[in-house]
Amino acid sequence: MIDKSSMSERDICTKFITPSLKRAGWDELAQIREEVSFTKGRIIVRGKLVTRGKAKRADYILYYKNNIPIALIEAKDNNHSVGDGMQQGLEYAETLEIPFVFSSNGDGFIFHDRTGGSAEKEADMGLDAFPSPANLWVRYAAWKGLTSEAEQLVLQDYFDDGSGKAPRYYQVNAVNAAIEAFAKGRDRILLVMATGTGKTYTAFQIIWRLWKAGRKKRILYLADRNVLIDQTMVNDFRPFGAAMAKLSTNAKTIERADGSTADLPLALDKKRRIDTAFEIYLGLYQAITGPEERQKLFKEFSRGFFDLIIIDECHRGSAAEDSAWREILEYFSEATQIGLTATPKETKYVSNIHYFGDPVYSYSLRQGIRDGFLAPYKVIKVHIDRDVQGYRPELGTIDREGNEVEDRIYNQKDFDRTLVLDDRTKLVATKITDFLKESGDRFQKTIVFCVDEEHAARMRQALLNENKDLCDQNHRYVMRITGSDGEGQAQLGNFIDPEVRYPVIVTTSRLLSTGVDAQTCRLIVLDRPVGSMTEFKQIVGRGTRVHEDTRKFYFTLMDFRGATNHFADPEFDGQPVQIYEPGEGDPIAPPDNQPPNDDEEGPLPPEPGADEVIVDGGPPDITIPPGGGERRQKIYVNGVGATIIAERIEYLDENGRLITESLRDFTKKALKKRFASLDDFLRRWNATGRKQAVIDELANEGLPLDSLAEEVGKDLDPFDLICHIVFDQPPLTRRERAESVRKRDVFSKYGPQARAVLEALLTKYQDEGILNLDDPHVLQISPIDQLGTPLQLIKQFGTRVDFERAVHQLQTALYEKVV
């Protein structure tokens with residue numbers, strides 16, 4: 001008789017669950033996947049400490065075909081009841097959109113039917129009664145309402161290049177939802193996916209499956225940025241090969257993500273005549289339409305030429321009744337149209353939902369951050385006195401042109417649009433530079449959003465002067481990249497390339513607010529109002545991409561214009577982990593003492609848990625006065641000072657309450673949970689021969705002591721740091737502890753050469769805080785290595801065991817007393 005109670009969960013899976021699945025007809029290689037991690041693990045930022053939470057992992061996911069998941073199994077060991085995994089399984093199944101959920105402990109199964117198609121919501125099932133793939137697929141197809149013709153399309157293969165790259169779970173959900181919607185006859189489809197979650201790759205898989213199934217033969221992919229089209233063609237859409245071309249007359253060579261280059265195939269000749277031999281066309285809205293009839297290139301195609309149109313970032317105007325995008329969509333109204341957006345536009349005048357219908361799938365910024373696919377962020381809110389209090393010129397004030405300044409109160413909406421205060425611009429540039437300096441990395445990619453192109457030019461100049469030393473090394477350290485600046489636009493590719501250092505800081509108005517894949521952008525600065533929630537989400541999206549190769553796990557949003565008040569809007573999802581409002585004289589960089597915030601499930605624990613892994617210690621640009629058609633002239637006023645006036649450091653908890661906690665308090669709470677008392681800590685410390693092991697163990701749990709030592713500002717041993725901070729003991733510095741050992745003449749029983757070795761080790765501890773003194777490798781470090789080879793030095797004590805014993809006695813002497 002097999003004793004299941006002594007078996008691990010893995011044993012139960014291997015010996016009972018997997019054989020049951022195979023007997024039911026499931027293919028172990030093609031249909032059964034075990035221990036499937038489907039999230040990355042949320043990135044949690046605590047000051048300088050960055051950890052990843054535990055990834056969500058399903059014990060089993062069963063696929064009818066690759067990327068068509070239909071069942072999930074949560075397993076437990078036999079000391080649990082058969083249904084103990086069900087609640088976790090249901091949570092995972094909801095996320096993965098899997099209809100059939102099973103729980104097992106090796107004795108049998110509990111089956112939960114999320115489709116509602118079974119007589120019972122949950123039913124007991126023996127090990128030999130597990131349903132076959134065909135059985136569950138029939139139930140699945142009935143639940144989805146799929147005809148036999150629709151089933152063929154839904155089961156069309158994904159693209160697989162054999163490299164092992166697989167779509168993420170939410171991309172699978174999005175692709176399958178779009179294909180199923182089309183299969184059931186829907187011809188207007190909307191997908192909502194947060195910036196940075198791979199909308200282009202998702203679009204590729206949708207197109208690929210429809211194209212390979214022969215259901216769509218001529219496809220048009222529309223975007224509104226050249227860089228989006230070019231990068232899409234050479235990267236995600238690369239498998240389309242010779243079937244694909246760009247609607248452009250400009251030949252171009254583009255560098256791929258892997259470093260190779262490719263010449264873009266063109267569907268237009270120099271006379272703008274269209275080559276209709278291609279199957280996949282990619283184009284800019286601006287390139288195929290315009291206000292004049294001669295510019296409407298899309299009308300050179302017959303209305304029925306395309307049978308599928310993909311509209312990337314469809315929130316940017318295409319839903320407006322009078323937009324050029326809508327004109328294109330209506331011309332090709334016979335085609336299936338799929339809209340992709342991070343921010344569906346819903347206003348009195350514009351509605352994507354009205355045009356496309358409700359989204360068939362949504363994946364939000366909040367979900368992306370919680371899953372660990374997107375980077376969380378901190379917010380610095382800077383309040384300038386002129387913005388808060390306004391500015392009223394004294395009677396007779398003259399502007400730079402010698403004209404009298406109109407006597408009225410000017411406020412934040414006026415600054416840099418109708419009235420320019422040079423001192424304000426310089427102050428903003430100074431604060432940006434101060435942040436880069438205080439952060440310790442002046443080469444972190446930075447985008448500064450300005451009111452208009454002229455403001456972006458002035459901001460570039462101010463930043464250039466603040467960073468003269470680095471601009472002397474390379475004039476491209478600060479650049480303006482705007483729609484009218486050809487030289488700046490030419491540097492856009494370098495700015496977004498993680499491997500190219502310059503430009504570092506770019507000033508812009510709107511060009512970079514959408515669509516640009518700036519993977520390594522760590523600082524986003526808002527010095528213009530952002531009135532639209534749609535645009536605000538897009539701007540936040542410039543920083544949300546994680547780039548592990550450059551250790552970019554979070555970014556900072558610096559707000560000079562109150563744009564982050566959008567966080568209070570119920571439409572906004574994905575709250576910042578920290579909001580910091582520096583006062584006059586305060587450092588601009590946020591302090592390293594923020595408590596982590598979860599905007600949904602309550603506060604995260606102040607210390608990293610055992611399952612976390614440490615990964616790294618608006619209005620339009622042009623203002624037109626009423627009744628006029630000319631651009632209003634700006635007023636430039638010199639000599640009007642500006643200062644910073646806020647004095648609060650704030651953190652938002654999940655309820656929006658302001659809370660504050662120091663790094664010292666945070667560490668004290670965490671360590672008191674680990675060591676109940678001073679005696680408890682002393683026993684643990686003294687029982688461990690290798691003291692560094694205790695420190696490493698704390699660091700692995702997200703409690704490295706380096707940052708705390710910096711805050712305390714004393715040259716303390718980790719032992720004294722913990723005793724002082726956690727248990728309020730008077731601390732001794734390392735020098736004081738070393739001198740105490742010397743006074744007690746602990747080394748007297750050893751010969752002169754052995755005493756010299758121990759004295760050298762003690763000095764290393766005193767000067768550098770080395771704890772692993774019993775490691776023979778320490779004997780290779782200068783100046784100890786000048787005393788002899790490690791073998792020679794160890795022989796002065798007898799054997800290696802004798803050497804280790806002597807060092808342990810030295811460590812015991814160091815820590816004999818707390819004070």
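Nothing here was measured: the structure is a model prediction, and the numbers come from that model.

**What about the overall build of the protein?**
Alright, step 1. A count of helices and strands for the protein gives 27 helices and 29 strands.
Alright, step 2. For the protein, the residues scored as buried account for 54% of the 819 residues in total.
Alright, step 3. Per element, the accessible surface of the protein, about 35700 Å² overall, is 46% carbon and sulfur.

**Notes on the sheet that holds strand β5 (residues 68-75)**
Alright, step 1. On the basis of which strands lie adjacent, the open sheet formed by 6 strands has the order β1-β4-β5-β6-β7-β8 and mixed pairing. The sheet is open, and its two edges are formed by β1 (32-37) and β8 (122-125), each paired on a single side. Averaged over all neighbouring strand pairs, the angle between strand axes comes to 30 degrees, with direction disregarded.
Alright, step 2. In the sheet, strand β7 (residues 109-113) pairs with β8 via 4 bridges, with the strands oriented antiparallel. Looking at the pairing, Phe109 lines up with Met125 of β8.

**Re the sheet that holds strand β11 (residues 244-246)**
Alright, step 1. Taken together, the 7 strands give an open sheet; going across it, the order is β11-β14-β10-β15-β16-β9-β17, and neighbouring strands pair in parallel fashion. Unpaired on one side and paired on the other, β11 and β17 (361-363) mark the two borders of the sheet. Sheet twist, expressed as the mean angle between neighbouring strand axes with direction ignored, is 15 degrees.

**Focus on the pattern of salt bridges**
Alright, step 1. Tallied over the full model, the rule gives 28 salt bridges.
Alright, step 2. Here Asp157 and Lys65 are joined by a salt bridge, their closest N and O atoms 2.5 Å apart. Placement of the pair is Asp157 in the loop between α4 (148-154) and α5 (169-183) and Lys65 in strand β4 (residues 57-65), with a sequence separation of 92 residues.
Alright, step 3. Residue classification places Asp157 among the partly exposed positions, given a relative accessible area of 43%.

**Remarks on the pairing of strand β15 (residues 308-311)**
Alright, step 1. In β15, alternate side chains face the same way, and those of Leu308 and Ile310 on one face and Ile309 and Ile311 on the other are all buried.
Alright, step 2. In this structure, strand β10 (residues 219-223) lies alongside β15, joined through 4 bridges in parallel fashion. The partner of Leu222 across the bridge, within β15, is Ile311.
Alright, step 3. The pairing of β15 with strand β16 (residues 336-341) spans 4 bridges and is classified as parallel. In the sheet register, Ile311 faces β16, and the bridge partner there is Gly339.

**Points about the side chain of Arg209**
Alright, step 1. Mapped onto the fold, Arg209 is located in helix α6 (residues 199-212).
Alright, step 2. Although Arg209 is buried, it makes no salt bridge; Asp157 carries the closest opposite charge, 7.4 Å away.
Alright, step 3. Here Arg209 is in contact with Ile68, Leu153, Val154, Leu155, Gln156, Asp157, Tyr158, Val175, Asn176 and Ile179, once residues within four sequence places are set aside.

**Thoughts on the packing of aromatic side chains**
Alright, step 1. For the coordinates displayed, the defined rule picks out 42 aromatic pairs.
Alright, step 2. Relative to Phe306, the ring of Phe305 lies with its centre 4.9 Å away and its plane at 85 degrees, an arrangement referred to as edge-to-face. Across the pair, exposure class does not vary: Phe305 and Phe306 are buried alike.
Alright, step 3. Linked through ring pairs, Phe159, Tyr201, Phe204, Trp208, Trp211, Tyr221, Phe237 and Phe240 together constitute an aromatic cluster.
Alright, step 4. When the ring centre of Tyr201 is taken as reference, the NZ or CZ atom of Lys165 above it lies at 4.2 Å.
Alright, step 5. Positioned above the aromatic ring of Phe443, the side-chain terminus of Arg501 is 3.7 Å from the ring centre.

**Some thoughts on the nonpolar core**
Soluble globular proteins: nonpolar side chains tend toward being buried together.
Alright, step 1. Ile17, Leu21, Trp26, Phe102, Phe130 and Phe240 are the most contacted members of the largest nonpolar core, which totals 91 residues.
Alright, step 2. When residues in this core are grouped by element, the largest group, 11 residues, is from α5.
Alright, step 3. Dropping the residues within four chain positions of it, Ile17 is found in contact with Ile12, Tyr60, Ile73, Ala75, Ser104 and Phe109.

**Some words on the environment of Phe495**
Alright, step 1. Note on placement: Phe495 falls in helix α17 (residues 492-496).
Alright, step 2. With 48 residues separating them along the chain, Phe495 and Ile447 place their C-alpha atoms 9.8 Å apart.

**With respect to the side chain of Lys246**
Alright, step 1. Along the chain, Lys246 falls in strand β11.
Alright, step 2. We classify Lys246 as buried; its relative accessible area is 4%.
Alright, step 3. Residues within four places of Lys246 in sequence aside, it is in contact with Asn226, Ile229, Asp230, Met233, Lys252, Leu264, Pro265, Leu266, Ala267, Leu268 and Leu282.

**Thoughts on the confidence of the model for the protein**
Alright, step 1. Here the protein averages 79 in pLDDT, and 78% of its residues register 70 or above.
Alright, step 2. Per-element confidence in the protein is highest for strand β6 (residues 100-104), whose mean pLDDT is 96, and lowest for strand β28 (residues 648-652), whose mean pLDDT is 34.
Alright, step 3. Note that residues 316-322 has pLDDT below 50 and, in this model, 23 contacts with residues that lie over four places away or in other chains.
Alright, step 4. Under a pLDDT of 50 for its full length, residues 646-661 has, in the predicted model, 53 contacts with residues more than four places off or in other chains.

**Notes on the environment of Tyr92**
Alright, step 1. Within the secondary structure, Tyr92 is located in helix α2 (residues 86-96).
Alright, step 2. Tyr92 sits in the buried class, given a relative accessible area of 8%.
Alright, step 3. Distance from Tyr92 to Ile73, taken between C-alpha atoms, is 9.9 Å for residues 19 residues apart in sequence.
Alright, step 4. Setting aside chain neighbours within four positions, we find Tyr92 in contact with Phe38, Lys56, Arg57, Ala58, Leu72 and Glu74.

**Details of the packing of α5 against α6**
Alright, step 1. Look at α5 against α6: their axes get within 9 Å of each other, and the N-to-C directions meet at 40 degrees. Regarding the angle of α5 to α6, the classification is oblique. Crossing geometry of α5 relative to α6 is assigned as right-handed. For the pair α5 and α6, contact is made by Gln171, Ala174, Val175, Asn176, Ala178, Ile179 and Phe182 and by Tyr201, Thr202, Gln205, Ile206, Arg209 and Leu210, respectively.
Alright, step 2. Looking at the contact of α5 with α6 residue by residue, the classes come out as 8 nonpolar, 4 polar and 1 charged.

Basis of the calculations
- Residues numbered from 1 in each chain as written.
- Predicted model: local features only at pLDDT ≥ 70, side-chain atom pairs only at ≥ 80, totals over all residues.
- Heavy atoms only, no water.
- Helix = DSSP H or I, 4+ residues; strand = E, 2+ residues; numbered from the N terminus.
- Buried < 20%, exposed > 50% of the residue type's maximum accessible area, 1.4 Å probe, protein only.
- Areas by Shrake-Rupley, 256 points an atom, 1.4 Å probe, with all protein chains shown as cover.
- Pairing = 2+ DSSP bridges.
- Axes fitted to C-alpha atoms, helices over the stretch in contact; angles between N-to-C directions.
- Salt bridge = Lys/Arg side-chain N within 4 Å of Asp/Glu carboxyl O.
- Lys, Arg positive; Asp, Glu negative; His and termini not counted.
- Contact = heavy atoms within 4.5 Å.
- Phe/Tyr/Trp six-rings, centres within 6.5 Å; stacked < 30°, edge-to-face > 60°.
- Lys NZ or Arg CZ within 6 Å of the ring centre and 35° of its normal.
- Core = buried A, V, L, I, M, F, W, Y, C linked by side-chain atoms within 4.5 Å.
- pLDDT = per-residue confidence, 0-100.
- Parallel < 35°, antiparallel > 145°, perpendicular 65-115°, else oblique.
- Left-handed = near helix turned anticlockwise from the far one by under 90°.
- Nonpolar A, V, L, I, M, F, W, Y, C, P; charged D, E, K, R; others polar.

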